[in-house]
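Descriptive analysis of the structure
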Amino acid sequence: MLILAIDTSCDETAVAVTANLQVVSNIVWSQSSLHSSFGGVMPSLAQRQHEERIDWVVQKALTTAHCSLSTIDCIAVTVGNGLGIALGVGINKAKELAIKYKKPLIPVSHTEAHLLSPFAIPNSQFPISNQFSNFQLPSFGLVLSGGTTVLCLVKSIGDYEILAETSDDALGEALDKAARLLGLGYPGGAILEKLAKTGDPKKYKLPLPLQNDRIKNRFSYSGLKTAFVRLYETTKDPNKQDIADLAATFQDTASSHVEKVLEYHCSRFTVHGSQKVTSLLFGGGVANNVELKKRLRKLLNKYRIKLHVPYTKKLNGDNAAMIGVCAYLKNKNLNAKKLNAKYGGLKNINSVDRDPRLRL
Amino acid sequence: MQIIPEDDKAIDIAVEALEKGQLIFMATETVYIAAVDATSEEAVKKLVAFKNRPFGKPFSVGVTDIKMAEKYVVLNETAKNLYKRFLPGPVTVVSTGTHKVANGVEAENGTLGIRIPDYNFFQAVCKKFQKPITATSANASYQRRPYKLSDILDNISDKQKSLIDLMIDAGELPHNEPSTVIDTTLDDEAVILRQGGIKLKDKNEVLSRSEENTQNIAKELWQKYEQHAGKRSIVYALEGAMGAGKTHLVKGLAKAMGITEKVVSPSYDLLNSYSSPSIVDGSLTHIDTWRMLEAAEEMRSLGLEELITNKNVIAIEWADRAIQEIKSYSDDAIIIWVKIEYLSSVASAKLDGNTDNYRLISWGNI
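On a predicted model such as this, the values are computed, not experimentally measured, just so you know.

The rules behind each value
- Residues numbered from 1 in each chain as written.
- Chains lettered and ligands numbered in written order.
- Predicted model: local features only at pLDDT ≥ 70, side-chain atom pairs only at ≥ 80, totals over all residues.
- Heavy atoms only, no water.
- 1 Å grid on protein atoms, 1.4 Å probe; cavity = no way out; pocket = protein on both sides within 12 Å on 5 of 7 lines; lining within 4 Å.
- Points joined across faces, edges and corners; volume = space filled by probe spheres on them.
- Helix = DSSP H or I, 4+ residues; strand = E, 2+ residues; numbered from the N terminus.
- Nonpolar A, V, L, I, M, F, W, Y, C, P; charged D, E, K, R; others polar.
- Phe/Tyr/Trp six-rings, centres within 6.5 Å; stacked < 30°, edge-to-face > 60°.
- Buried < 20%, exposed > 50% of the residue type's maximum accessible area, 1.4 Å probe, protein only.
- Lys NZ or Arg CZ within 6 Å of the ring centre and 35° of its normal.
- Salt bridge = Lys/Arg side-chain N within 4 Å of Asp/Glu carboxyl O.
- pLDDT = per-residue confidence, 0-100.
- Contact = heavy atoms within 4.5 Å.

Put simply, the second largest pocket is a space of about 1100 Å³. Listed by contribution, the elements that provide at least two residues to the lining of the second largest pocket are α6 (222–234) of chain A together with α9 (211–225) and α10 (246–256) of chain B. With 6 residues, α6(A) is the largest single contributor of residues to the lining of the second largest pocket. Broken down by class, the residue content of the lining of the second largest pocket amounts to 10 nonpolar, 16 polar and 12 charged.

Taken as a whole and judged by the stated rule, the model has 8 aromatic pairs over all chains. The interplanar angle of 75° and the centroid separation of 5.9 Å between the aromatic rings of W29(A) and W56(A) together place this pair among those described as edge-to-face. Taken together, the positions of W29(A) in strand β3 (residues 22–30) and W56(A) in helix α1 (residues 43–64) put the pair 27 residues apart, joining distant regions of the chain. For W56(A), a relative accessible area of 26% gives the class partly exposed. Put simply, the rings of F119(A), F132(A) and F135(A) touch in pairs and so form one group of aromatic residues. Between K177(A) and the ring centre of W290(B), over which it is positioned, the NZ or CZ distance is 5.4 Å.

Moving on, we come to the pattern of salt bridges. Considering all chains together, one arrives at 32 salt bridges over all chains under this definition. With a shortest N-O distance of 3.7 Å, K262(B) and E165(A) are connected by a salt bridge. Taken together, the residues K262(B) in the loop between α10 and β14 (271–275) and E165(A) in strand β9 (residues 159–166) connect one chain to another. In this structure K262(B) comes out as partly exposed when scored by relative accessible area, which is 41%.

So, about the confidence of the model for chain B. It should be kept in mind that the predicted coordinates are not to be read in detail where pLDDT is low. Residues and elements named next belong to chain B. Summary statistics for chain B give a mean pLDDT of 89 and a share of 96% for residues scoring 70 or more. Confidence drops under a pLDDT of 50 for residues 190–194, and excluding neighbours within four residues, the segment shows 4 contacts in the predicted structure. We note a pTM of 0.85 for the whole complex and an ipTM of 0.82 for its interfaces.

Here the focus is unusual backbone geometry. The omega angle of the peptide bond from L137(A) to P138(A) is 0°, so this bond is cis rather than trans. The step from L87(B) to P88(B) runs through a cis peptide bond, and the omega angle for that step is 0°. Locating P88(B) in the fold gives a position in the loop between α4 (77–86) and β6 (91–97). One non-glycine residue, H99(B), lies in positive phi territory at about 60°. Within the secondary structure, H99(B) is located in the loop between β6 and β7 (111–115). For H99(B), a relative accessible area of 55% puts it in the exposed group. Phi is positive for L270(B), which is not a glycine, with a value near 70°. Along the chain, L270(B) turns up in the loop between α10 and β14. A residue is classified by how much of its surface remains accessible, and L270(B), at 1% relative accessible area, is buried.

Below is the structure:
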């Protein structure tokens, strides 16, 4: 299934071409000031910028993939979660193209796409070892990003049971906020991670969030944030090393929280449950945090659970390839005729609408 | 194109080339950079052609010290601290530009990324040249990081090669990460300074001892103004430091309005809407300006005016970043300003026990 996928959920204008699970092209135009690896800061300009860039990015994705709109099978577009006015740009473009070229239009959830992003495979003539050779459902699914923090049980593609969600801030947001407090600008999550490498996570002490939750069905970062503000205020004129130590301490505690919640569910499904979970799908921007990934891998090893992450960092940031892969995975049983009946035709296409708070 | 080794003689040759508006490649502590005179339109055009960039992507520039940087950008507190702590070094600090560089160097929104490379040869050239030099990595867009000249030459077209005037060979560099870009423009205090403080009429003040307590206070705040719901827009403008409990207060408002959906921080999505069963066609719109560069303008583009005309209930976090904008709706909406503060050390000393979760919550009309 050759899919043209579009995502304009936030600051990045992203278009990709995917063939089943294969990423043929994956173009991300970042609105951030200099480097595409960081998010942006001008959401009101987002809409205008998306509008100005989208045709170029669509074209670039198609030419990079050596295909044209007439040869693709269908179009997929993010309808949520995200910034309403930004989402609208991608949806309108997708509708326009779907109508003009008579293609089915598949609406996709951004969070679900992050969840399924580990299934994507590179566009390479050389076969790669399949990390999913022993993959079995149900699996755990973990999406950690600027806007989402959720742990779920993937019973089948499209059927998810939420095990824990954030009750206030997303993890990525908390990291960005901590970074900004440390004077690392915005968005500083990635910078905080870099600095934390040279810091001592034990130099300071921060309380672990929700320690007293017996049933660990939520995440929370508001209390940690509060404690961090207090801690920072007591550090007089911090130097580079102090900042690194503070960064390391925050990251360490925030990661421990994820670990504790995950461990609770690992043991729940491994020891008592009749169904054993043997894998975890991990996606979203925070999945690029090497330290966190290392710690989760170690924990999962203990329960003999395999960690699946996307083959490239680019799939963890906002991108459209994951949208194409998600659209494929959810509809791979449909032949062209059924696909068209479900998603084709003016009526279906026009009914696609933004859903800014859409989750799994 | 000429390739010369990096030595003392090369300094003068490099400066001369820059003065002529030429494109030269040289090493830094991170990667090889494509250097041109950042103030010369012609030279920057040449760089754009070499980089083969689509459009509109800005270039970071290298300078010798903070003094030189201040000619080209306005440094706020955050930026000054970063210069003090991290520069010279592999960090690019983005600030508001003074528009003294060539077109296309600053970003479209007028910001400019500056770094001070921790590399003697660069320092020597820049010091002699007395002008900022573009410090963009020497690869063409989407190509591998240039740690040696062949990394560049093997991956570019003949046309691109013809644009290069001079290459200064420092051998293979250690494979350090490219510089980290830190954007400080969101922390421009000017935004808040311009707004001025807020004076509350009929000020109320209570002490909250816990998050639950804060939510109950929110419930009272709702009940007090509930009678106006559907007749006028009600705006809860929330001010308070990070972690003070603004989102918790909104959770309380939502609960009081009969909303059962989970209310989470809208920092990332900027705006969340929840429909309320207790008001006819009513909803709670939860806005957060934390991530917005120009909070007033951003909120307008998110449809604040329409929300107010439609008599919505609105809660705005970090409202102090857009005081004037919010004030301008005082004829059309009931605006309740809510401040959430940590206790001062003096105040906490007077109270028993652990006061970490205590907050002073005050509110009034503006």
